[in-house]
Amino acid sequence: DELGAAWREQIRERPGAYVTVRWEMFQRILGISHRPTYVLHGGVDGPNPWDLAIANPGANDAFRDYVGWFAADDTFATGPDLFRPWIWLGLGLVAAGVLPVPRGVRGRPGAIEVGLLAVGAVVYEGTFAVVAMSESFRYSYPAIVVSLVAIVFAVATLATHRRSASTDADDRAAGDDARPVDETAVAGELVTTEGARAP
């Protein structure tokens, strides 16, 4: 209670500093100012103050190798640029904006729902500007997954829409070639031909 009271008092006395700290932390979470931060166990694989040991070193090494593919260095403290959340959230928003644009896509099952889901992921991520207790890539994981779903759905939906539009255009072209036959003109030609053959 005492710590909470002191924290609230500092916010009231120095609101500018509080907003600055929150904004800097939010940029770290989004991966704008820093690489993504990973939270992994530290020191357990080697000598540690708790005398902990790995029960299955082989499996642990395999897992560390897997995690190492996505880490920027051997410390597993940061991830590569590919894991910066703002990139995937931005692409998710683009997907949400593109889905209703082509004519006919809006009526496709799930297009509006997936678009709103992507927008919701960005809103969810935005709450970390206020509620996040620290910086961590794991906070953004749900929003990134939703954004990836929206991106894949948008690409698949637009590809299907393009194929449908191409098929419709081919059908229209085929319909223009198959013009109705003028039976009167055909009959006249037959009569003329038969008359020319008569002696």
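The rules behind these values
- Residues numbered from 1 in each chain as written.
- Predicted model: local features only at pLDDT ≥ 70, side-chain atom pairs only at ≥ 80, totals over all residues.
- Heavy atoms only, no water.
- Helix = DSSP H or I, 4+ residues; strand = E, 2+ residues; numbered from the N terminus.
- Buried < 20%, exposed > 50% of the residue type's maximum accessible area, 1.4 Å probe, protein only.
- Salt bridge = Lys/Arg side-chain N within 4 Å of Asp/Glu carboxyl O.
- Core = buried A, V, L, I, M, F, W, Y, C linked by side-chain atoms within 4.5 Å.
- Contact = heavy atoms within 4.5 Å.
- Lys, Arg positive; Asp, Glu negative; His and termini not counted.
- Expected span 1.5 Å × (residues − 1).
- Arc of directions from axis to C-beta.
- Phe/Tyr/Trp six-rings, centres within 6.5 Å; stacked < 30°, edge-to-face > 60°.
- Axes fitted to C-alpha atoms, helices over the stretch in contact; angles between N-to-C directions.
- Left-handed = near helix turned anticlockwise from the far one by under 90°.
- Nonpolar A, V, L, I, M, F, W, Y, C, P; charged D, E, K, R; others polar.

(A) Seen up close, the environment of Val19. Here Val19 is to be found in helix α2 (residues 15-30). Val19 sits in the exposed class, given a relative accessible area of 53%.

(B) Focus on the pattern of salt bridges. Scanning all chains against the criterion turns up 3 salt bridges. Salt bridges linked by common partners bring Arg35, Asp81 and Arg84 together as one network.

(C) Layout of the nonpolar core. Formed by Met25, Phe26, Ile29, Leu30, Leu89, Ala121, Phe128, Ala132, Tyr139 and Ala143, the largest nonpolar core amounts to 10 residues. Elements that contribute at least two residues to this core include exactly α2 and α7 (137-177). With 4 residues, α2 is the largest single contributor of residues to this core. Excluding residues that lie within four positions of it along the chain, Phe26 makes contacts with Glu125, Gly126, Phe128 and Ala129.

(D) Examining the side chain of Arg22 more closely. Its place among the elements puts Arg22 in helix α2. Put simply, Arg22 is tucked away with no salt bridge, and the nearest opposite charge, on Glu24, sits 11 Å away. When residues no more than four places from it in sequence are discounted, the contact partners of Arg22 are Phe128, Ala129, Val130, Val131 and Ala132.

(E) Representation of helix α4 (residues 85-98). With 14 residues, α4 extends 20 Å from end C-alpha to end C-alpha; this agrees with the ideal 20 Å at 1.5 Å per step. Turning to α4, its buried residues number three or more, namely Pro85, Leu89, Gly92, Ala95 and Ala96. With its buried residues spanning 115° around the axis, α4 presents them on a single face.

(F) Molecular detail of the packing of aromatic side chains. Under the criterion given, the structure shown has 8 aromatic pairs. Between Trp7 and Tyr18, the ring centres sit 6.3 Å apart and the planes meet at 75°, which makes this aromatic pair edge-to-face. Pair noted here: Trp7 is in helix α1 (residues 2-13) and Tyr18 is in helix α2, with a separation of 11 residues, a long-range link. Arranged with centres 5.6 Å apart and planes meeting at 35°, the rings of Phe128 and Tyr139 form a pair that is tilted. Taken together, the residues span a long stretch of sequence, with Phe128 in helix α6 (residues 128-131) and Tyr139 in helix α7 at a distance of 11 residues. The pair formed by Phe128 and Tyr139 is uniform in burial state, with each residue classed as buried.

(G) Spotlight on the packing of α4 against helix α5 (residues 111-126). Contact geometry of α4 with α5 gives a least axis separation of 8 Å together with a crossing angle of 145°. Seen along the crossing, α4 lies across α5 with a hand that is left-handed. Listed contacts from α5 to Pro85, Leu89, Gly92, Leu93 and Ala96 of α4 are Gly115, Ala118, Val119, Ala121, Val122 and Glu125. For the contact of α4 with α5, the residue count by class is 8 nonpolar, 2 polar and 1 charged.

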